[in-house]
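# Examination of the molecular architecture
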Amino acid sequence: MSQFQSRLLSTGLSLLLGSYAAHSFAVPEEHSINRSIAAQGAATNILWSSFNSASKVQCGTACRYWQRSAGRLTPPSNWSRLPAAWPNSSSTSFPAPALLSLIQLAPTNETTWDDALIIYDTSYLQKSAVTYTNADKSMRASVQKSGNVASALAYHVRVQNQSAATRDYFVRFKAPVQKNSLQAAYEVGGPSGNQPVPVGDNEGVARSSVELLIDGLPVWQTARSLHRKDLVANAYGTSYNWGEDASDDSYTIYVGRYSSGATFMMDYIMQADVLANAPDCGQDFNGYLDNSYSRHCQVLSAGREIPNVSFGGAAFEIISTASLSANLSLDIGGVLNARAGGN
Amino acid sequence: MKRLLLLILSIATHASIFAAQVADDFVPVDQYSLSIITPLDSLSYKTAVHYAIANDHTNVKFRERGDRGQSNEVLAKYDVLIDNLAHDPNQATPAADIQQLMPIDFTKAENTAQGWARMGTAAIPALTIALNGETRGHASASWRTTYTVTGSGSRNVSLKFRIPETVMDGRFEQSAKGAYQGRAKVQLLVNGYPVWSSEAMRIAPATPNAMSEYMFETFGSAWAFDKNTEKASAKWVTASMGTYSAGQSLDVVLVYFVEASIGRECEYVADMYACMGMTVSFKRDNTATLPSFSSSPTLQIAIP
């Protein structure tokens, strides 16, 4: 079992924090998890040695996939959902996500009292996006200054055992790496006169999460939250890990044993939320020739990598094997009936 | 008399339309009286519970329990990670009756974790992860069903469901102060898409210096936790599931989830253990009313 719920107190000199902290602690790791009890209520714990040597069959057309992307800028803005009609038609392979980009741009005509132009470091005030390019495959929610922005991404899979025999089912995936970050509001100064110095009493909290559910019950989940509040953080924020490791980790989860014709549902959900109250910005004069100021405001983001469908099974795959050897003596908590049942 | 009633109804309807009208737009009219209510127990539904607790300091480092049931079948699971079971007040409890179960006396047993998971007959869960010292755990419960949208034409569909009293109770220990955190989440899925969710976190500095050094944060729909009582009151929620055509079948799942962890071992001080504590719980709720779906016509009236 992986070490979940480790807590990372992130301090540092970098203005960009979240992802740096995660990578500095990252340990690539393969995880194999028996989740048969969660999935089926039976004490079937497969031997992973038998899984490793078994012939694996891709789900193929026995799996039906649906995908939906969604985003919302600060209310009263409503959620935008793609596809709008849900559920839409299914596909028989893991789908690329519907692309989404909701943006409120930063003002470009704001001036000071003496008509100097104010140029924001970041071009947007709010952004909710699902991006799928060669350079960036992610879902994100971001707020410069103040706002309440969210994104969501859902994959819904219906799996059927279309063989004539009972089979064991597994899901393998690379845990989506978090993309949280915090850029503090700052101005250039300090002892050297040339270093960023945080300004203001800005606040904000961001969280990105991933969940995997089998027949409606969570069997794997991870989250990371990033907090910029006086009580728990300096200007660069403090991060908290929840659930399973997801820095550079791959998982194989035993879903359960299904008879011929049986079906199960699998849901893979990512969510990103940012709430920020950060009106204070720093700014620096660019000189009389430019007659402009660069404005440095807090930018708080939550996000996750999303599966690269061109990676095939490395990103997300459902596979099955013939019924494998089980280890009923595997310690998963002793005698099952001793403390189960009742009202 | 009948004509009089019709006249009053007509005036009332028009009054509400005019009061809400927006120029150059359509005005949705909420005709609650036309809603078709479908209680969950009139459908075929399945329930499930699960918990996992972990402790790196005991011989048994990890335990989990799960179960699945049909409709109003009661599911209940309990277990503990503890060095000496003699200190488990529930050792003699044959069934996981969450009403009877007692918390561990943390002064006598270090680094302990208890997990309870229960789904009652009204599809309202009770979940608890209770930790003392360096341990962690999570628990979940859910129900799922296939709901076929009732009525005719385009329908606004919603679900009314219960969130039990929710506790995120921490215990600060000066002699063993360290990190502790907890969270609770409720999420409504329609064909795997989260149409409604609410999540609350309790976080503290890595090394808090006082009991009061913690805060609650909420994502999604509002969930008001009281910092004095360290809990949120039970409530009914009516969550929109969206607009669908009558006759459409929807896979619906409602998930309840709790999680907690403590990052500091207990310390043995003055002949007893001193431990940070964290309990996150959906309390047992004996409400007999089941969740229910509502399907209402999507009426729109063109403004002349």
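Here the residue index of a chain counts from 1 through its sequence in written order. Lettering of chains starts at A and numbering of ligands starts at 1, both following the order in which they are written. For this predicted model, a pLDDT threshold of at least 70 governs which residues receive local features, and a threshold of 80 or more governs which side-chain atom pairs are given and counted, while totals over whole chains, interfaces and linings are taken from all residues.

### What about the overall build of chain A?
Secondary structure follows DSSP: runs of H or I at least 4 residues long count as helices, runs of E at least 2 residues long count as strands, and numbering of each begins at the N terminus. The helix and strand tally for chain A stands at three helices and 22 strands. Whether two residues are in contact depends on their C-beta atoms, placed from the backbone: they are in contact if these lie within 7 Å. For chain A, contacts bridging at least 24 residues in sequence account for 74% of all contacts bridging at least 6.

### Concerning the overall build of chain B
What chain B contains, in helices and strands, is one helix and 21 strands. Expressed as a percentage of the 304 residues in chain B, the buried residues total 50%. When contacts within chain B are restricted to residue pairs at least 6 apart in sequence, long-range pairs at least 24 apart make up 71% of them. To sort residues by burial, count the other C-beta atoms lying within 10 Å of each one's C-beta; a count of 20 or more means buried, 12 or fewer means exposed, and anything in between means partly exposed. C-beta atoms are built from the backbone.

### Re the sheet that holds strand β21 (residues 299-305) of chain A
All names here are of chain A. Strands are treated as partners if at least two bridges between them are detected by DSSP. Spatially, five strands are ordered β5-β7-β8-β21-β11 in an open sheet, and the strand pairing comes out antiparallel. This sheet does not close on itself; its edge strands, each paired only once, are β5 (100-105) and β11 (181-183). When strand polarity is set aside, the average angle formed by the axes of neighbouring strands in this sheet is 15°. Note that β11 and β21 share three bridges and pair antiparallel. Counterpart to Q183 in the pairing with β21 is V299. Axes here refer to lines fitted to C-alpha atoms; in helices the fit is confined to the stretch in contact. Angles between the N-to-C directions go from 0 to 180 degrees.

### With respect to the pairing of strand β12 (residues 186-189) of chain A
As defined by bridge partners, β12 of chain A adjoins strand β13 (residues 195-198) of chain A across four bridges and the pair is classed as antiparallel. Within β13 of chain A, the residue paired with E187 of chain A across the bridge is V197 of chain A.

### Quick word on the nonpolar core
For this analysis, nonpolar core means a set of buried Ala, Val, Leu, Ile, Met, Phe, Trp, Tyr and Cys residues linked through C-beta atoms within 7 Å. Counting 155 residues, the largest nonpolar core has V274 and I318 of chain A together with L127, I129 and V258 of chain B as the members making the most contacts within it. Considering each element in turn, this core owes the most residues, 10 residues, to strand β16 (residues 249-262) of chain B. Those residues within four positions of V258 of chain B in sequence are excluded, and the remaining contacts are L127, I129, H138, A139, A184, V280, S281 and F282 of chain B.

### A word on the environment of G115 of chain B
All names here are of chain B. Along the chain, G115 falls in strand β6 (residues 112-119). Spatially, the C-alpha atoms of G115 and I129 are 4.8 Å apart, while their sequence positions differ by 14 residues. Excluding residues within four positions of it along the chain, G115 makes contact with Y51, I53, Y78, D79, I129, G137 and A139.

### Comments concerning the confidence of the model for chain B
All names here are of chain B. Values of pLDDT, the confidence the predictor places in each residue, fall between 0 and 100. Averaged over chain B, the pLDDT score is 87; the fraction of residues at 70 or greater is 85%. Low confidence marks residues 4-29, where pLDDT is under 50. Its contacts with residues over four positions away, or in another chain, come to 18 contacts. Across the interfaces of the predicted complex, the ipTM metric reaches 0.88, alongside a pTM of 0.89.

### Some remarks on the sheet that holds strand β4 (residues 80-82) of chain A
Residues and elements named next belong to chain A. Spatial ordering of the open sheet is given by β4-β3-β9-β18-β14-β15-β16, a layout of seven strands whose pairing is antiparallel. Lying at the two open borders of the sheet, with one neighbouring strand each, are β4 and β16 (238-243). Mean inter-strand twist for the sheet, computed between neighbouring axes without regard to direction, equals 10°. Direction of pairing for strand β9 (residues 147-160) relative to strand β18 (residues 263-277): antiparallel, over a ladder of 14 bridges. Of the residues in β18, the one forming a bridge with N148 is L275.

### Details of the confidence of the model for chain A
Residue and element names in this part refer to chain A. With 82% of its residues at a pLDDT of at least 70, chain A reaches an overall mean of 85. When the criterion is pLDDT under 50, residues 1-27 qualifies, and its contacts beyond four places in sequence or with other chains add up to 69 contacts. Considering only residues more than four positions removed or in separate chains, one finds that residues 330-343, a stretch of pLDDT under 50, has 29 contacts.

### Section: unusual backbone geometry
That bond from P75 of chain A to P76 of chain A is cis: its omega, 20°, falls within 30 degrees of zero. Here P76 of chain A is to be found in the loop between β3 (63-72) and β4. With an omega of 0°, the peptide bond running from W86 of chain A to P87 of chain A counts as cis. Phi angles above zero are rare outside glycine, and K145 of chain A is one such case at about 65°. Examined against the element boundaries, K145 of chain A turns out to sit in the loop between β8 (137-144) and β9. The backbone of E230 of chain B sits at a positive phi, close to 60°, despite the residue not being glycine.

### Examining the environment of P125 of chain B
All names here are of chain B. Relative to the helices and strands, P125 is located in strand β7 (residues 125-132). Accessibility expressed as a C-beta count within 10 Å gives 31 for P125, which makes it buried. Each C-alpha atom, one on P125 and one on S142, is 7.8 Å from the other, the two residues being 17 residues apart in sequence. In this structure P125 touches V49, R118, M119, A141, Y256 and F282, once residues within four positions along its chain are discounted.

### Some points on the environment of Y186 of chain A
By the secondary structure assignment, Y186 of chain A is in strand β12. Under the C-beta neighbour-count criterion, Y186 of chain A is labelled buried, with 23 such atoms within 10 Å.

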